[in-house]
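Summary of the model geometry
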Amino acid sequence: MNWDETPLKLKLILYITIAVLFIMASSTAIIVSIVTTQKIDIEYSRSTEISQNYANQFNADMRENMAIPNTVARSLERYSSDDRFEINQKLEHILRENPRLIGVYVGYEPDAFDGNDLEYVNADYHDETGRFLPFWNRIGGEVDVEPLIDYDTEDYYQLPKQMRTDVVTEPYLYQGELIVSFVSPIIVDDEFKGIAGVDVSLDYIDDSVHDIQVLENGYAMVVSNSGTLLSHPQDKNAIGTTNIMDLHDEPVYMLLADINEGISGHIEVNDPITGKKSIIFYEPVDMGNFAFILSIPKDEMLADAIGLRDKLIIISTLAVIFMGSMGYLIALSITRPIKNIVDSFGKVSTDVSKGKLDSRADTDVAIDFKDIPIGLNEILSILEDYASKLKESNKTMQEMRVVINSSQVVVFLWLPEDKWPVEVVSDNITQFGYQPEEFTSGKLLYADIVHPEDLHKVEKDLDELVAQHTYYNGTKSVQKNKIIDTIPEYFTSEYRIITKSGDVRWVDERTLLRLDQNGTVTYLQGIILDITDRKQAEDALLNIEKVRKKEIHHRVKNNLQVISSMLYLESEHFSDPEVIESFKNSQNRVRSMALIHEEIYKSEDMRSVDFTDYVNKLGVYLLEAYNIGNGKIQLNLDIEKVYLSIDTSIPLGMIVNELVSNSLKHAFDPAENGQIDIVLKSKEDNYLLLVSDDGKGFPSHVDFRNTDSLGLQLVNTLVDQLDGTIDLESDDGSTQFKITFREINKV
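**Considerations on the packing of helix α14 (residues 611–625) against helix α15 (residues 646–666)**
Where α14 meets α15, the axes come as close as 11 Å, and the angle between the chain directions of the two elements is 35 degrees. The way α14 lies across α15 gives a crossing that is right-handed. Each of Phe611, Tyr614, Leu618, Leu622 and Leu623 in α14 lies in contact with α15, whose residues at this interface are Ser649, Leu652, Gly653, Val656, Asn657, Val660, Ser661 and Leu664. In terms of residue class, the contact of α14 with α15 is built from nine nonpolar, four polar and no charged.

**Comments concerning the confidence of the model for the protein**
Of the residues in the protein, 80% reach a pLDDT of 70 or more, and the chain-wide mean stands at 79. Per-element averaging of pLDDT across the protein places helix α11 (residues 480–485) at the bottom with 46 and strand β1 (residues 103–108) at the top with 96. Low pLDDT, under 50, characterises residues 475–484; the predicted model gives this stretch six contacts beyond four residues in sequence or across chains. Confidence over residues 547–555 falls short of pLDDT 50; this stretch has ten contacts with residues more than four positions distant or in other chains.

**A word on helix α2 (residues 84–97)**
Taking 1.5 Å per residue, 14 residues should reach 20 Å; α2 reaches 20 Å between its end C-alpha atoms and fits that length. Every buried residue belonging to α2 is among Arg84, Ile87, Asn88, Leu91, Ile94 and Leu95, and all of these are buried. Along the long axis of α2, the arc covered by the buried residues comes to 120 degrees, so they all point the same way. With a side-chain oxygen lying 3.0 Å from the backbone nitrogen of Phe85, the N-terminal cap of α2 falls on Asp83.

**A few points about the sheet that holds strand β22 (residues 725–731)**
Overall, mixed pairing links the five strands, which are arranged β18-β20-β21-β23-β22 in an open sheet. The open sheet has two edge strands with one neighbour each: β18 (633–639) and β22. Here the strands of the sheet are splayed against their neighbours by 10 degrees on average, with no regard to which way each runs. Strand direction decides the pairing type here: β18 and strand β20 (residues 674–683), joined by seven bridges, are parallel. Paired with Ile633 across the two strands is Gly674, which belongs to β20. Docked against the sheet, α14 engages β18 and β20, running at close to 170 degrees with respect to β18. Contacting β18, β20, β21 (686–693) and β23 (734–742), α15 runs over the sheet at an angle of about 15 degrees to β21.

**Topic: the side chain of Ser692**
One can find Ser692 in strand β21. By relative accessible area, Ser692 is classed as buried at 12%. For Ser692, the residues in contact, after removing those within four places along its chain, are Gln675, Ile676, Asp677, Thr735 and Gln736.

**A word on empty space enclosed by the protein**
Empty space left among the atoms is revealed by rolling a probe the size of a water molecule over them. Overall, the coordinates contain two cavities of 30 Å³ or more when judged by the stated rule. Lining of the largest cavity is provided by Trp414, Trp420, Tyr446, Val458, Leu462, Glu509 and Leu524. Each residue belonging to the lining of the largest cavity can be placed in one class, and the counts come to six nonpolar, no polar and one charged. Taken as a whole, the second largest cavity holds about 30 Å³ of empty space. Considering the residues around the second largest cavity, the lining is formed by Tyr105, Phe135, Leu148, Tyr156, Tyr172, Tyr174, Ile179 and Asp199.

**A look at the pairing of strand β7 (residues 191–201)**
With ten of its eleven residues buried, β7 lies for the most part within the structure. As defined by bridge partners, β1 adjoins β7 across six bridges and the pair is classed as antiparallel. Note that in β7 the partner of Tyr108 across the bridge is Gly194. Where strand β6 (residues 177–188) and β7 come together, ten bridges link them in antiparallel fashion. If you follow Val188 over to β7, its bridge partner there is Glu191. The hairpin formed by β6 and β7 contains two residues between the paired strands, and Asp189 there has a positive phi angle of roughly 50 degrees.

**Brief notes about a nonpolar patch on the surface**
Together, Phe322, Met323, Met326, Tyr328, Leu329 and Ile330 give the surface a local cluster of nonpolar side chains, amounting to about 570 Å² of exposed area. Among the secondary structure elements, Phe322 is positioned in helix α7 (residues 303–353).

**A closer look at the pairing of strand β16 (residues 521–530)**
The pairing of strand β12 (residues 409–414) with β16 spans six bridges and is antiparallel. Residue pairing for β16: Val411 is matched across the bridge by Ile527. Alignment of strand β15 (residues 504–515) against β16, held across nine bridges, turns out to be antiparallel. Of the residues in β16, the one forming a bridge with Leu512 is Gln525.

**Concerning the pattern of salt bridges**
Within the structure shown, the criterion is met by 22 salt bridges. Residue Glu268 pairs with Lys298 through a salt bridge whose shortest N-O separation is 3.2 Å. Separated by 30 residues along the polypeptide, Glu268 in strand β9 (residues 265–271) and Lys298 in helix α6 (residues 298–301) bring together distant segments of the chain. Residue classification places Glu268 among the partly exposed residues on the basis of a relative accessible area of 33%. Since its relative accessible area comes to 26%, Lys298 is described here as partly exposed. Within the structure, one salt-bridge network assembled from shared partners comprises Arg84, Asp114 and Asp117.

**Remarks on the environment of Pro373**
Mapped onto the fold, Pro373 is located in helix α8 (residues 371–405). Along the backbone, Pro373 and Asp362 are eleven residues apart, and their C-alpha atoms lie at a distance of 6.6 Å.

**As for the packing of aromatic side chains**
The final tally for this structure, using the stated rule, is 22 aromatic pairs. Ring centres of Trp420 and Tyr446 lie 6.4 Å apart, and the angle between their planes is 55 degrees; on these two criteria the pair is classed as tilted. In this pair, Trp420 is assigned in the loop between β12 and β13 (422–425) and Tyr446 in the loop between α9 (436–440) and α10 (452–473), connecting sequence segments 26 residues apart. The burial state of Trp420 is the same as that of Tyr446; both residues are buried. Relative to Phe737, the ring of Phe698 has its centre 6.1 Å away and its plane inclined at 90 degrees; by these criteria the two rings are edge-to-face. Placement of Phe698 in the loop between β21 and α16 (710–721) and of Phe737 in strand β23 is noted, with a sequence separation of 39 residues between them. Summarising the burial analysis for this pair, Phe698 and Phe737 share the class buried. Taking NZ or CZ as reference, Lys535 lies 4.4 Å from the ring centre of Trp506, over its face.

Reading the values: the criteria
- Residues numbered from 1 in each chain as written.
- Predicted model: local features only at pLDDT ≥ 70, side-chain atom pairs only at ≥ 80, totals over all residues.
- Heavy atoms only, no water.
- Axes fitted to C-alpha atoms, helices over the stretch in contact; angles between N-to-C directions.
- Helix = DSSP H or I, 4+ residues; strand = E, 2+ residues; numbered from the N terminus.
- Left-handed = near helix turned anticlockwise from the far one by under 90°.
- Contact = heavy atoms within 4.5 Å.
- Nonpolar A, V, L, I, M, F, W, Y, C, P; charged D, E, K, R; others polar.
- pLDDT = per-residue confidence, 0-100.
- Expected span 1.5 Å × (residues − 1).
- Buried < 20%, exposed > 50% of the residue type's maximum accessible area, 1.4 Å probe, protein only.
- Arc of directions from axis to C-beta.
- Polar contact = N/O pair within 3.5 Å; in protein donor to acceptor, adjacent residues only side chain to side chain.
- Pairing = 2+ DSSP bridges.
- 1 Å grid on protein atoms, 1.4 Å probe; cavity = no way out; pocket = protein on both sides within 12 Å on 5 of 7 lines; lining within 4 Å.
- Points joined across faces, edges and corners; volume = space filled by probe spheres on them.
- Patch = residues over 30% accessible without salt bridge, like charges linked within 9 Å, V, L, I, M, F, W, Y side chains within 5 Å.
- Areas by Shrake-Rupley, 256 points an atom, 1.4 Å probe, with all protein chains shown as cover.
- Salt bridge = Lys/Arg side-chain N within 4 Å of Asp/Glu carboxyl O.
- Phe/Tyr/Trp six-rings, centres within 6.5 Å; stacked < 30°, edge-to-face > 60°.
- Lys NZ or Arg CZ within 6 Å of the ring centre and 35° of its normal.

This is how it looks when you write it as structure tokens:
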């Protein structure tokens, strides 16, 4: 069954029950885990404490054993009577007073007791060496004395001799008896004299721990630091002959390693003695490097903890059942009023589907749910009002659609993405041969109809505007709002599109950038209007204006040439050289202006002058005018390729004319060779003009700014007209005019 079709009552029951089960199960698991863990920790701590107590008791017993040879050794270190018989009696007395001991003895180095070993060779309790070696023991059952044996090889003698400290030996077999020796060295004046010791039977050690029982099947053992069993709860034959490693299937390396290091702890193993999973606690015994071992079956040790856990689980299960029942009752209390509301809503839904927006839900429901039908009724009231307004709005939109589609303006809604996908387009796009569906289906993108030669510019201009909005809305600058206010939200452009039939039409686009609340461009909403007829009319007017301007400049040029010719003809009527020179100067000035109009007549835009070409032609003309055509005076030009407006070109051309004419007339003697340099460079918005010659130099007594020369007066006036500056650099061999100016009415 589909979950969405599941009844709410069943869902609530499932949700509440599952939630209760999850919470109760989780909490129960946590509580059980915590309580059980704490209980287990308590049991481990209690068992460890029991093991430590028994180990301390055993350790005290072993210290008592060591105290006897230690006392004897300290006494003999101070003994000076050298009476072997007396010492022998004391040893017998000690043995008889301590029935737990199996032997008491002293053993001296050769001649170390009284220096009379030769007198006691093979005497009672002496061997063939005569050394003082009495060993009182009850190995045969009766108390008897005999000399020590194997003292040259056994640890009971060699270890204290080498280590010069108290020693407890590993279990060893002595005359058929498994014993452990407690030995103390006798040191006199820092010289080893011999030993004093007692022997304890392993049966005694086993008896010390045999009666220890923990719980039902727990038991205790003692092992040496090498793992040799010093006791066993069942098999007495294993004492002294079996290692603890031999008893367990699982390795107990960690236990042995800890015992050697004097570390206590516990391990979990399968105990072959009880046949159960057991926890073995081990505690080092300082005296003798023994270890006390307590083995407790795990199930017995943790019985209380497991019982507590089971009780908690039962209680929690009952709690889960109770809470699940409560969840069921809660679900019923919720679903009944909801069902009544749903039935009422179903009736309202049926009425609304039939157009009856005045239908209302029943508000006679439980107080906790009363707001639901009241809220629905409020929504229905709003919808009823909205439906009325929507109906009126649809009527208005339909009228607007008719108006738009009957006009020449095509409405678009583009996405600000590559090639501008179209979301909406008005039906009158058919005037260009396209159907709206071609765009809205994504088959055709708006960029597909833009003329290829105009597409790059339209993309660049629109992308830059969108990028500006994106950048400044992403910045946190305090000037952000002020900057955004200066960025237009409208995009306007005139470009060409290609109709479906292949015709080229000019359109005027006006687009609004629609921004979201973050200032990000989301849509491009605008119109395009066919302006082909207007563009054709403008082109016609421009062509007419261009022809008219060409005709004017051509006529001005011709008139100036006529004036130049008339000046030349008029100068033929005079013989005064100064008058003739004046006519020539005027003729050159008129000619320089005529060349300007000739350059404008030939230019494409009818507004700017190719000044490089102009200076070339002016220089050639001046050389010919002053009859310098044989190559004696060389004109050098370094003119940057610049186009200047007519308002700048006319005064600048006349300045060049005056300065070059001045050099040709005054800088060189007749038949003298020389050169004139003209340089024009641009730097940002300024220009630099240099006119120089390598003639005789400018007269030092003449101030070029205040002179009677009409030509220099004209130069200074024209420089001021260009809002520039002029400087002169001259010596005996050269003259250079340096003029800096800005272009007037820049094209």
